[in-house]
Each structure stands twice: as C-alpha cells, then as structure tokens.
Amino acid sequence: MAETPVLDDPLEDEEEAEERFAPRLRLSRRGIVVLSALGALFLGALGWLVFFSSVLDVRVVAVQGLTGDKLTAHQVREVLGGGQHGPLARVDLAEAERRVAALPRVAKVEVWRGWPHTLRIKVVERRAVAAVKTEDGKFTQVDSTGFGFATEDTPPAGVPVVELALSQQANDALAVFGKPELVRAAVTVAAGLPPEVAKLAGAVVVHSYDDIQLQLADGAVVRWGSAERTPRKALVLAALLPRKSKIYDVSAPDAPGIGG
C-alpha cells in the first residue's frame, strides 16, 4: 500500500524564512565606544553631583536622645567641627561618632546619613547612679560602669553619695584594696539598687571592703557587707523596707535581719 506523502507546512516555512532574513542589530566598534563614553560621562556627572557639588550638602544636623539641659544639641554640633559641612556623602561617619563619643556625658552614639541633606545623630547619655564626694567637697557623678563624667558643687537628686569613712583596718589594707577599688565597690552597690530604693538612699558609706553601709533618708542604716551578691541583697532589702526599722542587715542575704 502506497504511503500518503506529507506536505510541508507553509506557515512553518514562512516563519523560518522571516527568521533567516530578519535584520540583526549589531553595534559597530564606534557605537560601542560612543555608548561607553556616554556611560562614563553619566557616572562621572553623578559622582560629581553626589561627592563634590553643593546640591547634596549637609543642611541639618539632627540630634536626638538628649534628656536634659546638661548636654545640648549645640555642644554635639560644635564638637563635629568641619564634619557637619560639605557634601553629605563625604561625611566621615566613624570620625563623627568618635568626636561625639568623646563628650564625657555621652555613653553611646550612632551617626548616619538622612538623605538628601540631614546628618542624624542619636545619643545615649550617661546616667548617674552615684555621686562620689571629692576631697574639695564637690561631687563627681559616676555611671553604672564607674566612669566619672561630671563634677558639680551639689550631687544630683535621687542618687546616693559615696563617702569613704575607712576604718583603721581598711587604711592599713589600702595596699591591697586601694581607694579606687573601694569606690568601685560602692558604685557597684549603688548601681544595683532598684529605683525605688535608690531614691531613699542618701549615702553609701564605705568603712572597708566588706563593710559597706547605706544611710537612708529617714535615718535608717542598711548593713550591706561587701559588694558581692548585690542584686540578691537589693531584692531582699526591697522586701524588708515595708517593715519599718532603724537597722536592716542584708550582709548575708539568705539570712537577713532587722532591728532597732
């Protein structure tokens, strides 16, 4: 039996012919050079616009995070010097952070660009947990790390004053536990006090390394012992305070006592 011949599809032949004879877009060597030059010109113009022109200059230095009048936005801007001028893209953010962080009252700082014209600075201020009474009668404010960041004639409200009233034994042991170590121990105690207790603590008095006392505003005394286990002692003291007493003893926090 003879096979039926298969006829070619005229539509397929037409599509192949169109693909075969369709013009192809080819760039000449001169065209490639021209496009490359235009691209380089565009990138150069963009770079000049961002890094060297005044179109994207710093116009605003926005400072946030300030909590009082001791550290002002003016002081922050002033310490930046020339870093707050010129194109925003050329501001050295790391150098700006270093300069602001050098301010004694600054605990942390973050600097970033707020396009198109704003340099943004976020500051976290140091918070005083105690005031150390100096030999000249002034008070140095210290934060929870023991860093002294300001000295004033009066202590800030709501924080205890650290006083050294060393016993003879403590004076004899200064070669082992010097005054800086004793002050740090007192600051550790002050930093560990809950806010409601810190407001009641008028002073942290250091008699020796293991004889630290709190003098409360109402005249009561808290025998703290050493700075060890301060978080536990603070919890115990908070629980004891509702029981009015002249003496609270948390030096052994697992066996506290009250008296007087």
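First, a word on what this report is: a plain description of the structure on this page. Given the structure is predicted, the values throughout are model-derived calculations rather than measurements. (Residues numbered from 1 in each chain as written. Predicted model: local features only at pLDDT ≥ 70, side-chain atom pairs only at ≥ 80, totals over all residues. Heavy atoms only, no water.)

Turning our eyes to something else, we now look at the overall build of the protein chain. Counting its regular elements, the protein chain contains eight helices and 12 strands. Expressed as a percentage of its 260 residues, the buried residues of the protein chain come to 33%. Here the contacts in the protein chain between residues at least 6 apart in sequence split such that 47% fall between residues at least 24 apart. (Helix = DSSP H or I, 4+ residues; strand = E, 2+ residues; numbered from the N terminus. Buried < 20%, exposed > 50% of the residue type's maximum accessible area, 1.4 Å probe, protein only. Contact = heavy atoms within 4.5 Å.)

Bringing the sheet that holds strand 1 (residues 60-64) into the picture now. Reading across from one edge, 1-3-2 is the order of the three strands in this open sheet, with mixed pairing throughout. Strands with a single pairing partner mark the edges of an open sheet, and in this sheet they are strand 1 and strand 2 (106-114). Averaged over all adjacent pairs, the angle separating strand axes in this sheet is 20 degrees, with direction ignored. Where strand 1 meets strand 3 (residues 118-125), five bridges bridge the pair, whose relative direction is parallel. If you follow V63 over to strand 3, its bridge partner there is I121. (Pairing = 2+ DSSP bridges. Axes fitted to C-alpha atoms, helices over the stretch in contact; angles between N-to-C directions.)

The final tally for this structure, using the stated rule, is nine salt bridges. With a shortest N-O distance of 2.7 Å, R98 and E95 are connected by a salt bridge. Of this pair, R98 and E95 both sit in helix 4 (residues 93-101), three residues apart, which is roughly one turn of the helix. Notably, a salt bridge pairs R99 with E95, separated by 3.1 Å at the nearest N-O pair. Of this pair, R99 and E95 both sit in helix 4, separated by four residues, roughly a single helical turn. Residue classification places R99 among the partly exposed positions, given a relative accessible area of 33%. Through salt bridges that share partners, K70, R105 and E152 make up one connected network. (Salt bridge = Lys/Arg side-chain N within 4 Å of Asp/Glu carboxyl O.)

Within this model, the largest pocket holds a volume of roughly 170 Å³. Around the largest pocket sit V132, K133, T134, E135, V162, E163, L164, K179, P180 and V183, which together line it. Mapped onto the lining of the largest pocket, the elements with two or more residues apiece are strand 4 (130-133), strand 7 (161-164) and helix 6 (179-191). Taken together, the residues that form the lining of the largest pocket break down as five nonpolar, one polar and four charged. (1 Å grid on protein atoms, 1.4 Å probe; cavity = no way out; pocket = protein on both sides within 12 Å on 5 of 7 lines; lining within 4 Å. Points joined across faces, edges and corners; volume = space filled by probe spheres on them. Nonpolar A, V, L, I, M, F, W, Y, C, P; charged D, E, K, R; others polar.)

Taken N-terminus to C-terminus, the directions of helix 3 (residues 73-80) and helix 4 make an angle of 130 degrees; their axes are 9 Å apart at the nearest point. As judged from the angle between their axes, helix 3 and helix 4 are oblique. By crossing handedness, the relation of helix 3 to helix 4 is classed as right-handed. Each of V76, V79 and L80 in helix 3 lies in contact with helix 4, whose residues at this interface are A96, R99 and V100. (Parallel < 35°, antiparallel > 145°, perpendicular 65-115°, else oblique. Left-handed = near helix turned anticlockwise from the far one by under 90°.)

Bridge analysis of strand 9 (residues 211-216) against strand 10 (residues 221-225) gives four bridges, and the strand direction is antiparallel. Residue pairing across strands places Q213 opposite R223, the latter belonging to strand 10. Linking strand 9 to strand 10, which pair antiparallel, is a turn of four residues; within it G219 sits at a positive phi near 95 degrees. Where strand 10 meets strand 11 (residues 247-249), three bridges bridge the pair, whose relative direction is parallel.

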